Amino acid sequence: MSTAGYYSQYGGAFIPEILVATIQELERAFADAQADPAFWPEFRQLMASYSGRPTPVTFAGNLTQHFGGAQIYIKREDLNHTGAHKANNVMGQGLLVQRMGKKRVIAETGAGQHGVATATMAAKFGLDCTIYMGAVDVARQRPNVFWMERLGATVVPVTDGSQTLKDAINEAMRDWVTNMDDTHYVLGTACGPHPFPAIVSYFQSIIGTEARQQLHDITGRLPDRVYACVGGGSNAMGMFSGFLDDAGVELIGVEAGGEGVDTGRHAARLASTDASLGVAQGYKTYFLQDEDGQMRETHSVAAGLDYVGVSPILAHHKDQGRVRFEATTDDEVIEALRLTMQKEGLIPALESAHAFAQAFKEAPTLSPDQIILINQSGRGDKDIFTVADAFNDDPAWQAFIQNKAEQYRA
Ligand SMILES: *Cc1c(COP(=O)(O)O)cnc(C)c1O
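All figures in this text were calculated on a predicted structure; none of them were measured in a lab. (Residues numbered from 1 in each chain as written. Predicted model: local features only at pLDDT ≥ 70, side-chain atom pairs only at ≥ 80, totals over all residues. Heavy atoms only, no water.)

*Asks:* Any details on the sheet that holds strand 6 (residues 128-134)? Residues and values, ideally.
*Replies:* The four strands are arranged 7-6-5-8 in an open sheet whose pairing can be described as parallel. Sheet topology places strand 7 (154-158) and strand 8 (183-185) at the edges, where each strand pairs with a single neighbour. Ignoring which end each strand starts from, the neighbouring axes of this sheet average 25 degrees apart. As paired strands, strand 6 and strand 7 are joined by five bridges and run parallel to one another. Residue pairing across strands places Ile131 opposite Val155, the latter belonging to strand 7. (Pairing = 2+ DSSP bridges. Helix = DSSP H or I, 4+ residues; strand = E, 2+ residues; numbered from the N terminus. Axes fitted to C-alpha atoms, helices over the stretch in contact; angles between N-to-C directions.)

Here it is as structure tokens:
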């Protein structure tokens, strides 16, 4: 592929020859949709009626007072149907599937959130749906597998390799190559071969477009800093795209620092020096890989940030100096979550809590006439087991889990 789909040196479409026609078909459908003045209003209407958009911007008055620095505002993507910003992407791609006249969708999923979102979209649009998921993930994410199957999807456990997300992606690609005539691959984040980073960022841009207008309506001005967590980069791209042209707004992407970026046990691609440039899974970006190009094990308390690659568009924005990248550790994230629950009654997903943790470090250094905006990419209900483990301070909970385990064994 030529320069199309490149963001300086990042991106591209490194795909098997056999997929070229299908990718071109998708590129055309996307370009047609973007050029159709009725398409974006149709998307917004769908998200309004099905997913409660526009999601609000909430003033976090108690946290603001607690830190005594910048005013803290929160964009509430947790209020979407299925509990996160992922709904924006899957519903948007669902509309593209309808335009292409395809009847079947497939997707990869790690923790299962994207699988549930895709299965939801498939049910709503009457599409066949197959979800590829590493066998290890199937075992540790039972509740999501349960809901995907109830929603009508077929969940295929992948037993290759480490039996996790990257193996699920490979298997989904294999399916697509075999069934591309009637099948669309619903990629879950702003990664993968062109045009996926562009498509996913386009649908997620609804976050930033709304948030910019809402914050301006509330405060009469734009924020000084905007924070979003970065897994593959879709909620961050969505939020940042509303502010890219506002030179006075600093954009901060927050990656998973895991046990610390100096321990090797993290998923910081752009905020550490551990990642290197490579080509994998159809695109070129920074990957956490060893000298032979083998993908390394990543680690994070938040499953949705636990990924070896990162959006080529964000890698480009880093080089341009437009987005600053930071990493927060598991411990800092748990503490930020505790504080947010107790001060504001909000339960951010562990992924989102990374953005909160970094914002909390910086808020006290700013003045009360400054404004920061945090993207709460999802809700934390799904994290109940992890959070209970991390807090580890509730004997009644331990007894409950023990009791359930015994019931299952009986
Ligand atoms: C999946 C997920 C993420 C990470 O994905 P991005 O593509 O980086 O946005 C972040 N937050 C939540 C709540 C998620 O479910």
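*Asks:* Before we move on, can you summarise the nonpolar core with the specific residues and values?
*Replies:* Counting residues in each nonpolar core, the largest one holds 86 residues, and the members touching the most others are Trp176 and Phe240. Among the elements that line this core, the one with the most residues is helix 9 (residues 196-219), at nine residues. Here this core gathers at least three residues from each of two domains, domain 1 (2-47 + 85-196) and domain 2 (53-83 + 205-400). Ala70, Tyr227, Val254 and Leu305 belong to the second largest nonpolar core, which has 34 residues in total. (Core = buried A, V, L, I, M, F, W, Y, C linked by side-chain atoms within 4.5 Å. Buried < 20%, exposed > 50% of the residue type's maximum accessible area, 1.4 Å probe, protein only. Domains from an automatic or database assignment.)

*Asks:* Break down helix 1 (residues 20-35) for me, with residues and values.
*Replies:* In an α-helix, one turn spans 3.6 residues, which is why side chains three or four residues apart end up on the same side. Between its first and last C-alpha, helix 1 extends 22 Å over 16 residues, near the 22 Å set by a 1.5 Å rise per residue. Within the span of helix 1, buried status applies to Thr22, Ile23, Leu26, Ala29, Phe30 and Ala33. Axial view of helix 1: buried residues confined to an arc of 120 degrees, hence all on one face. Within helix 1, the exposed residues directed more than 90 degrees away from the buried face are Ala21, Arg28 and Ala35. On the buried face of helix 1, the contacting elements are helix 2 (39-51), helix 4 (86-100), helix 8 (165-179), strand 8 and helix 9. (Expected span 1.5 Å × (residues − 1). Arc of directions from axis to C-beta. Contact = heavy atoms within 4.5 Å.)

*Asks:* Lay out helix 8 with the relevant residues and their values.
*Replies:* The terminal C-alpha atoms of helix 8 lie 21 Å apart, and with 15 residues this matches the ideal 21 Å at 1.5 Å per residue to within 8%. Where helix 8 is buried, its residues contact helix 1, strand 5 (104-109), strand 6, strand 7, strand 8 and helix 9.

*Asks:* Got a sec to walk through the site of the ligand? Specific residues and values, please.
*Replies:* Residues in close proximity to the ligand total 16 residues, the closest being Lys86, Thr189, Gly231, Ser234 and Ser377. At a separation of 2.8 Å, an oxygen atom of the ligand approaches a polar backbone atom of Gly233. Contact distances for the ligand include 2.8 Å between an oxygen atom and a side-chain N or O atom of Asn235. By residue class, the composition of the shell around the ligand is four nonpolar, 10 polar and two charged. When we break the shell around the ligand down by domain, the ones giving at least three residues each are domain 1 (2-47 + 85-196) and domain 2 (53-83 + 205-400). (Near = heavy atom within 4 Å. Polar contact = N/O pair within 3.5 Å; in protein donor to acceptor, adjacent residues only side chain to side chain. Nonpolar A, V, L, I, M, F, W, Y, C, P; charged D, E, K, R; others polar.)

*Asks:* So what's going on with the environment of Arg140? Residues and values would help.
*Replies:* For Arg140, the location among the structural elements is in helix 6 (residues 135-140). Along the primary structure Arg140 and Gly112 are separated by 28 residues, whereas in three dimensions their C-alpha atoms are 9.9 Å apart.

*Asks:* Which residues make up the side chain of Glu77, and what values go with them?
*Replies:* Tracing the sequence through the fold places Glu77 in the loop between strand 4 (71-76) and helix 4. Within the structure, the side chain of Glu77 is placed 3.1 Å from the side chain of Asn88, a separation counted as a polar contact. Once you skip the residues sitting within four places of it in the chain, Glu77 turns out to touch Arg53, Thr55, Gly83, Ala84, His85, Asn88, Ile207, Asn375, Gln376 and Ser377.

*Asks:* So what's going on with the packing of helix 12 (residues 330-344) against helix 14 (residues 384-391)? Residues and values would help.
*Replies:* In contact at an axis separation of 11 Å, helix 12 and helix 14 are set at 100 degrees when each is read in the N-to-C sense. In terms of orientation, helix 12 and helix 14 fall into the roughly perpendicular class. For the pair formed by helix 12 and helix 14, the contact residues are Ile334, Leu337, Arg338 and Met341 on the first element and Val387, Ala390 and Phe391 on the second. Class assignment of the residues belonging to the contact of helix 12 with helix 14 gives a composition of six nonpolar, no polar and one charged. (Parallel < 35°, antiparallel > 145°, perpendicular 65-115°, else oblique.)

*Asks:* Could you give me a rundown of the packing of aromatic side chains, with the residues and numbers involved?
*Replies:* All chains considered together, the criterion is met by 17 aromatic pairs. Through a chain of ring-to-ring contacts, the aromatic side chains of Phe30, Phe39, Trp40, Phe43, Tyr202 and Phe203 assemble into a single cluster. Residue placement shows Arg150 over the ring face of Phe146; its charged tip is 4.5 Å from the ring centre. Across the ring face of Phe391, the terminal group of Arg338 is positioned such that the distance to the ring centre comes to 4.5 Å. (Phe/Tyr/Trp six-rings, centres within 6.5 Å; stacked < 30°, edge-to-face > 60°. Lys NZ or Arg CZ within 6 Å of the ring centre and 35° of its normal.)

*Asks:* I'd love a proper account of the pattern of salt bridges, names of residues and values included.
*Replies:* For the structure shown, the criterion picks out 26 salt bridges. In this structure, Lys166 engages Asp167 in a salt bridge whose closest nitrogen and oxygen atoms are separated by 3.4 Å. Lys166 gets classed as partly exposed once you look at its relative accessible area, which sits at 27%. Here Glu362 makes a salt bridge to Arg225, at a shortest N to O gap of 2.7 Å. Residue Glu362 is found in helix 13 (residues 350-362), and its partner Arg225 is found in strand 9 (residues 225-229); the two are separated by 137 residues along the sequence. Side by side, Glu362 and Arg225 carry an identical accessibility label, which is buried. (Salt bridge = Lys/Arg side-chain N within 4 Å of Asp/Glu carboxyl O.)

*Asks:* Before we move on, can you summarise the packing of helix 4 against helix 9 with the specific residues and values?
*Replies:* Remark: helix 4 packs on helix 9, axes separated minimally by 8 Å, with the N-to-C direction vectors making an angle of 120 degrees. With respect to their mutual orientation, helix 4 and helix 9 come out oblique. By crossing handedness, the relation of helix 4 to helix 9 is classed as right-handed. Of the residues in helix 9, those touching helix 4 at Lys86, Asn88, Asn89, Gly92, Gln93 and Leu96 are Phe196, Ile199, Val200, Phe203, Gln204, Ile206 and Ile207. A class-by-class count of the residues in the contact of helix 4 with helix 9 yields seven nonpolar, five polar and one charged. (Left-handed = near helix turned anticlockwise from the far one by under 90°.)

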